[in-house]
Amino acid sequence: MMEKRNSNKDDRQVIQYFVAKQDTILSRISGECEKNVNTLHLGMLVEAIEDLGGSALRVRVVDTAGSEIWRGTEWRCHRFDLIPVTSEVWKFLPAVSIPQERVRLATYKHLSEELMKLQINDTVWYCSDSKKCNNCLAAIKYIGPVPQLGQGYYFGIDLLDPHEPSKVDALLSKEYFVSTNSEGKFATLSNIFPLKPGGPTGLAKTDKISVESLITDLLMGIEAGNNYMNDKKKSVLDTVPSVLLEKFTLFDDNKNNNREQRSISKEYSQSTKSIMHENDSNVAKSAVSYGSTPNKNENKKFGRTESSDLIVGSNVKVLLDSDVHYGVVRWVGTPPGITPGKLMAAVELDDTHPTGTDGTYKDVRYFRCRPHRAVFTDIEQCSRYDTMEKIDDPTTSISPENFGSMESSVIVGMVRPISVKGNLESICGKYRGIQGHHNSCYLDATLFSMFTFTSVFDNLLFRPPNEKDCPQYEEVQRVLREEIVNPLRKNMFVRADRVMKLRTLLEKLSSVSGLTSEEKDPEEFLTSLVAQILNAEPFLKLSSGQDAYHYQLFVEKDDHLNIPTVQQLLEQSFLTSNIRLKEVPSCLIIQMPRFGKSFKMYQKIQPTLLLDVTDIIEDSPRQCTVCGKLAEFECKECYGQCGVGLESIAFCLQCLEKVHRHERRTNHEPKELVVPMEFTILQEQCPVPRLYLELSAVVCIETSHYVCFVKCGSGSEAPWCFFDSMADRKGEQNGYNIPEMVPCPDFPYWLSEEGGNCLTELTDDRNLPEHAKRLLCDAYMCMYQSPDVMMYK
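Just so we're clear, the structure is a prediction, and the values are computed from it rather than from any experiment.

Next up on the list: the packing of aromatic side chains. Applying the stated rule across the entire model yields 23 aromatic pairs. Between Y176 and F186, the aromatic rings sit 5.7 Å apart at their centres with planes inclined by 90°, giving edge-to-face as the arrangement. Placement of the pair is Y176 in the loop between α4 (167-173) and β13 (185-187) and F186 in strand β13, with a sequence separation of 10 residues. For Y176, a relative accessible area of 24% corresponds to the partly exposed category. Overall, F186 belongs to the buried group, its relative accessible area being 7%. Taking 4.6 Å as the distance between ring centres and 45° as the angle between the ring planes, the aromatic pair formed by W331 and Y366 counts as tilted.

Structure (structure tokens):
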């Protein structure tokens, strides 16, 4: 986006607008401020005026607090600490005084897009406080700047539920718009939420009462009794902002007993009543009475009590996938799209569940809780329980073979890899990934890297058996596919006993011993599973006539390389070994120049995000290092003299002769390259292509524990996560491990040129952030893939 914005200093273009998503350090580039380093705080507004390359930007900080620090000064800022916003949203943000609200508006793009569609005379929800606990309908009468109130754009609104505005607003509003229902009020973007039933952006004033009563009617589980009303409910609920629904069902995560839940249910009813119009008293009374009146339902029993006895606040046990889970009823009713009269219960579980949410159901929020703890189920699958009953339940005790209460189902068929766009928070957290058990981290990290977000290894899951395969081939393939990969992709969790089944098969069928209990390395696992049992086609075909599943870097240490990149080491290794790849591989697994945990050739290695493999592919067209035209010769003795890496040894005939006129190169022995005939014919019209593989995962080892960084999708914009199968533990000797995924937004920075420069200046690795240290100091194996080749495999 290109915008122009006037400045006291200059009139340069603003290339992008941002909101700071966290506190970060800025370094001064130029300007009046005497401080060379300053802190940009969460929610501050930033104009980027120049892309400095890598992830760095030249920025100006927009002063909303009158501080002299920012006046007339330009700073260097890290792009990863900023959230981009459009120029339309930007106009409104200076008026928003709460930093967290600015971040919210910048983060939720869809909400901001809807807000930008609002026009004069549209009806909206007006929320007067940051907690969204005081809501009413309002009509927009003005949109624009109000200099008397400060910077930024405001909404001038006419409240449809009149209550006292401030005297300042009442007087000032008359200068900007005419109100018919109230004295008039000004609101910022953070106080406005769109409402769209009945039209693109508007709602007729006469529909106001029915909207409020329908929301309450649905949330409280009261049936209107006809299809028209049910359809109306759904249309309304689909457009009501989630913060309004949260008003009805805001619960404290730590309150889990009936007495406290009943108290909250009372507040629930009172808050519902508070937004009712006076002539809606019947609906309000129904809502109030619901907290203490049992639901009328069929007398089908599960456990000790009837489901018709359940109310909000009841302690219940729930039948999920044939397993019993415990929790508290948070809501009872019939959500949109469910058969009329069929009651469902929203239960906040005491533990997490793969299908659980944070209190939402089909994009509508009914209450708030921790992620993966809310389940919406037929009320007949629930029954009351006494707290002592749970304590006496033998299934809840910890035993040596207990891996927790998280379900890990068998899922047949084909499940595609997870596709993530934007924020990773929704799929991250504890009980995510593969659960570790008995030294399984080498296998957990490798499997997670191979299958969670990419299909490059999926041929292992579906190749039909042939006469060369062992009798147990299909069983191993089935366990891998249906008990590990499919559940991982669908539910984001695989329990350790499922993995142990695969480990037992590998131990029995392969030449690698100790796979069920001992510490192993990823290449031992790959040899056992991929090479020996699944008998897969080798991933790499070498010019020497050999095949391989991974490539070990063999290099002599270069004392001039402080922090080598994988690109440098790979090219050095291929030059030394005098081999090439016969074709571009769909995947390339590279093992770092280290041996287990005892020896590392380099203290730090920087993985390369985009690996150039043009010069290591046999008979692939290459560029002359001097003029860039089609290369016809290769001279190994020129390595590093006319450029960098293997690219420096390729020449066209004219440049080869010119370079070798130098007296130091007269004894070189160039070798003629084999160039495909079709490319020779088209070389004048077709530039020499370069071939790249993208980094998909990095498996790391610190002491004796393996973890991994994994790219959550394809393309340069895909986010990265960090996975540890044994991040936490519940219980001691008889306990179990808790796996965890966390987002890694800074991953690309540490592999960028700017990050490399920062590393060069760093004298003590202990000053590195935790994830950066693991990535750079502990890299063991890098996985690369070619999206283009994958399509043909």
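Having put the structure on the table, let's press on.
A few words on unusual backbone geometry. Unusually for a residue other than glycine, H438 sits at a positive phi of about 50°. On the secondary structure map, H438 appears in the loop between β25 (433-434) and α11 (441-451). Phi is positive for D619, which is not a glycine, with a value near 60°. Mapped onto the elements of the fold, D619 is located in the loop between β33 (610-612) and β34 (633-634).

What follows concerns the sheet that holds strand β11 (residues 135-145). Strand order across the open sheet formed by five strands is β13-β12-β11-β10-β14, with antiparallel pairing between neighbours. In this open sheet, the two strands that pair with only one neighbour each are β13 and β14 (192-194). Sheet twist, expressed as the average angle between the axes of neighbouring strands with direction ignored, equals 50°. In this structure, strand β12 (residues 153-159) lies alongside β13, joined through three bridges in antiparallel fashion. For I157, the partnering residue across the bridge sits in β13 and is K185.

Before going further, it helps to spend a moment on the packing of α11 against helix α15 (residues 522-533). Two elements in contact, α11 and α15, have axes whose closest approach is 9 Å; the angle formed by their N-to-C orientations is 70°. Relative to α15, the element α11 lies roughly perpendicular. Handedness of the crossing formed by α11 with α15: right-handed. In this structure, α11 contributes Y442, L443, T446, L447 and M450 to the contact, and α15 contributes P522, F525 and L526. Considering only residue class, the contact of α11 with α15 consists of seven nonpolar, one polar and no charged.

Turning next to the sheet that holds β34. Reading across from one edge, β35-β34-β36 is the order of the three strands in this open sheet, with antiparallel pairing throughout. Strands with a single pairing partner mark the edges of an open sheet, and in this sheet they are β35 (650-651) and β36 (671-672). Bridge count between β34 and β36: two bridges; the pairing is antiparallel. The partner of F633 across the bridge, within β36, is E672.

This brings us to the packing of helix α13 (residues 473-491) against helix α14 (residues 496-509). A pair of packed helices is captured by two measures, namely the crossing angle of their axes and the spacing between those axes. Relative to each other, α13 and α14 sit at 160°, their axes nearing to 9 Å. Classified by the angle their axes make, α13 and α14 are roughly antiparallel. In this structure, α13 crosses over α14, and the sense of that crossing is left-handed. The residues of α14 that touch α13, namely those facing E475, V476, V479, L480, E483 and I484, are R498, V499, K501, L502, L505 and L509. Split into classes, the residues belonging to the contact of α13 with α14 amount to eight nonpolar, no polar and four charged.

Procedures and definitions
- Residues numbered from 1 in each chain as written.
- Predicted model: local features only at pLDDT ≥ 70, side-chain atom pairs only at ≥ 80, totals over all residues.
- Heavy atoms only, no water.
- Phe/Tyr/Trp six-rings, centres within 6.5 Å; stacked < 30°, edge-to-face > 60°.
- Helix = DSSP H or I, 4+ residues; strand = E, 2+ residues; numbered from the N terminus.
- Buried < 20%, exposed > 50% of the residue type's maximum accessible area, 1.4 Å probe, protein only.
- Pairing = 2+ DSSP bridges.
- Axes fitted to C-alpha atoms, helices over the stretch in contact; angles between N-to-C directions.
- Parallel < 35°, antiparallel > 145°, perpendicular 65-115°, else oblique.
- Left-handed = near helix turned anticlockwise from the far one by under 90°.
- Contact = heavy atoms within 4.5 Å.
- Nonpolar A, V, L, I, M, F, W, Y, C, P; charged D, E, K, R; others polar.

Geometric values such as these leave the question of function open.
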